[in-house]
Amino acid sequence: MSSTSTVPEYVRQRVLIVAKQQGFGNNPNITYEPGSKTGDGYIGLIVRARLIETNPTARPSLSIICKFPPEDRQQREQFNAMALFEREHFIYQRVLPAFEELQQECGLSVGDDLHFGNYPKCYHSYCDTERVEAVLILEDLIDPDRPALTMLNQYDRVDYDHVRVLMVALGKLNACSFALKQQRPELFAEIQRLNDLLSIVLNTEQMAPLTPRHCMLAASAFEPSELPPDHHAEMLNLATDMWRRAGAHIQGKHAEPYAALNHGDCWTNNVMFGYDTEGHVKDICLLDWQMARYSSPVLDYVLFIYLCGERELRRDKFESLVATFYNSFSNTLRRLGVDPERILARHELDNQVKRFGRLALAMGTYALPNLAQLPEDIRLNPEGHRNDVRLQNYHRMMRELVEDTAEFVHFAPINQ
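The notes below deal with the structure included here. Every chain is numbered on its own, with residues counted from 1 as its sequence reads. The model is predicted, so local features are restricted to residues of pLDDT at least 70 and side-chain atom pairs to those at 80 or more, both for listing and for counting; the totals for chains, interfaces and linings are taken over all residues. In computing side-chain values, all of the structure's heavy atoms are included and hydrogens and water are not.

### Structural notes on the sheet that holds strand 3 (residues 62-68)
Strand order in the open sheet formed by five strands is 1-2-3-5-4, and the pairing between neighbours is antiparallel. Since the sheet does not close on itself, it has two edges, and those belong to strand 1 (29-34) and strand 4 (122-128), each with one partner. With direction set aside, neighbouring strand axes in the sheet form an average angle of 25 degrees. Strand pairing is defined by DSSP finding a minimum of two bridges between the two strands. Think of it this way: any DSSP run of H or I at least four residues long counts as a helix, any run of E at least two long counts as a strand, and we number them from the N terminus. In the sheet, strand 1 pairs with strand 2 (residues 45-52) via six bridges, with the strands oriented antiparallel. Paired with N29 across the strands is I52, a residue of strand 2. Across the face of the sheet, helix 1 (residues 9-21) comes into contact with strand 1, strand 2, strand 3, strand 4 and strand 5 (133-139) while running at roughly 35 degrees to strand 5. The axes used here are C-alpha line fits, helices contributing only the stretch in contact, and every angle between their N-to-C directions lies in the interval 0 to 180 degrees. Contacts: residue pairs with any heavy atoms within 4.5 Å of one another.

Structure representation (C-alpha cells):
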C-alpha cells in the first residue's frame, strides 16, 4: 500500500493533524503500508503511516499506526464495528487521560514502578457515528526507534513469568479505576454504563451460528452419562442463548460494589511484552481496548490464565498470581490516596472468581478450537476424526477446562 488510495480521506486529514502537532512542516511526505496481516480487518483496518520531513535537516521521521473501521457497510454492521470504535475512542479520549491525570496529581510519574502506563501512546482519536467515521492514531510499537516489544505466539501456552507481569499491570489498571470512582465520580458514572460488547459481537448474525457448533464440538469431548455430572449434556445446554446469558451474568451491577473497568479482551494477541538485556520479562503493553467493559475486576486475569496460560497456573500457581495482582493493586491504590482494604479486600477476589469465572468456559468453546488449530473438517465432523491427534489435544484441553471451572456459578436462564 504505497499510495493513499485505500486510506479514507478523513483518515489522511487526521494524519496531517498529527504531523502538524509533531512538528512536521506543511507538506511532509506520508506513505502508507499495511499494518496487520492479510485476512485481518473484520472489525478494524490497520495501516502504518510513515511521516518524513521534506527538509532533511528537520526532525526525524515518525512511524504511526492508523486504525479505522472497514468502509464496507455490511462488514461494519456484522461486527458492530462502529460501537467498538466508539468504545475505544472513549477509553483513549477520556478514561486513560483521566488515569494519567490522577497519577500525576498523586506523584506517580512515568518510570515509577507503580505507574500505570501499559498501553500505546495515542496521538489522535476521532469518532463520529453519524458520519460513520472513526480513527485511532497510535504509536508504532514495532518501530525500531522505540524499546522493543514482542507478541507471543497465540498457539503457545503462556508461562508464569509472562503472566506475572500481566498481573502487575492489571493490578495497577484496577487501582486507577477504583481511584477514579472516588475522585472523578462523574466520569466513573460513564464507565459504569459500559456493557459487555464482546458477548454482543459473538451473538451477531455473522457469529451466532458458530455457538451451537462450538458447543457440539465441546460436547464431543465427553460421553453421555445417565449419572451426574453429564458434561456432554452440559455443553450442549450451554449453547442455549449462551452469549445473552453470559452478557447478563457479568453485568457490572452484579459485581457491585467491586465492579471496575475491564480491558475486556485480554488474551495473547492483545498484549506485547518487553524484556531486559538478560531476556527476563520486564514490561507489558495492553492493546485493543474496543471491548472495554464495566464488570468484575477478576475477569481479565481469569480469562487470560484459563485460556492462554499453562494449566499449572490455574491449578498450582493461581494463588501466587492473584497475590501479585493484589499487591500491585493495593500498593498503587494507596499511592492514589485510597485504602485498598476498605475498597476491595483480598478475600473478595476469590468470591468474584467463583461468581463470574464461568465466562472462561463460554469463551473456551470459542477459543479452544482455534488454539488447538482444528481445521474446518474436524470441527464439523469430530466423530469422523476420533484418531486425529489435533482433535485429541482439543478434547484434552476442553475436559481440563470443564474440570477446572466446575465450581463456578452457572449462567441463569434469560427470562423471556
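### Quick word on helix 18 (residues 389-404)
Helix length check: helix 18, at 16 residues, gives a terminal C-alpha distance of 22 Å against a target of 22 Å (1.5 Å per residue), a fit within 8%. Partly exposed describes any residue whose relative accessible area lies between the buried limit of under 20% and the exposed limit of over 50%, with all areas from a 1.4 Å probe on protein chains only and scaled to the type maximum. Where helix 18 is concerned, the buried positions are L391, Y394, H395, M397, M398, E400, L401, V402 and D404. Close packing links the buried residues of helix 18 with helix 7 (210-219), helix 8 (231-238), helix 11 (299-308), helix 12 (311-315), helix 16 (359-371) and helix 17 (376-380). Here a polar contact means two N or O atoms within 3.5 Å. Within protein one must be a hydrogen donor candidate and the other an acceptor candidate, and residues neighboring in sequence count only if both atoms are side-chain atoms. With a side-chain oxygen lying 2.8 Å from the backbone nitrogen of R390, the N-terminal cap of helix 18 falls on D388. The span one expects for a helix is its residue count, reduced by one, times 1.5 Å.

### Here's the deal with the pairing of strand 4
Counting buried positions along strand 4 gives five out of seven residues, so the element sits mostly inside the fold. Where strand 4 and strand 5 come together, six bridges link them in antiparallel fashion. Within the sheet, the bridge partner assigned to C127 lies in strand 5 and is A134. The antiparallel pairing of strand 4 with strand 5 creates a hairpin that spans four residues between the two strands, and V132 there sits at a positive phi of about 55 degrees.

### Thoughts on the side chain of R245
With respect to the element layout, R245 can be found in helix 9 (residues 242-249). Lacking a salt bridge, the buried R245 has D241 as its closest oppositely charged neighbour, with an N-O distance of 6.1 Å. A polar contact is formed between the side chain of R245 and the backbone oxygen of L238, at a distance of 2.9 Å. Of the polar contacts made by the side chain of R245, one reaches the backbone oxygen of T240; its length is 2.8 Å. Discounting chain neighbours no more than four positions away, the residues touching R245 are N237, L238, T240, F411, A412, P413 and I414. Positive: Lys, Arg. Negative: Asp, Glu. His and the chain ends are not part of the count. Each salt bridge in this description consists of a side-chain nitrogen of Lys or Arg and a carboxyl oxygen of Asp or Glu lying within 4 Å of one another.

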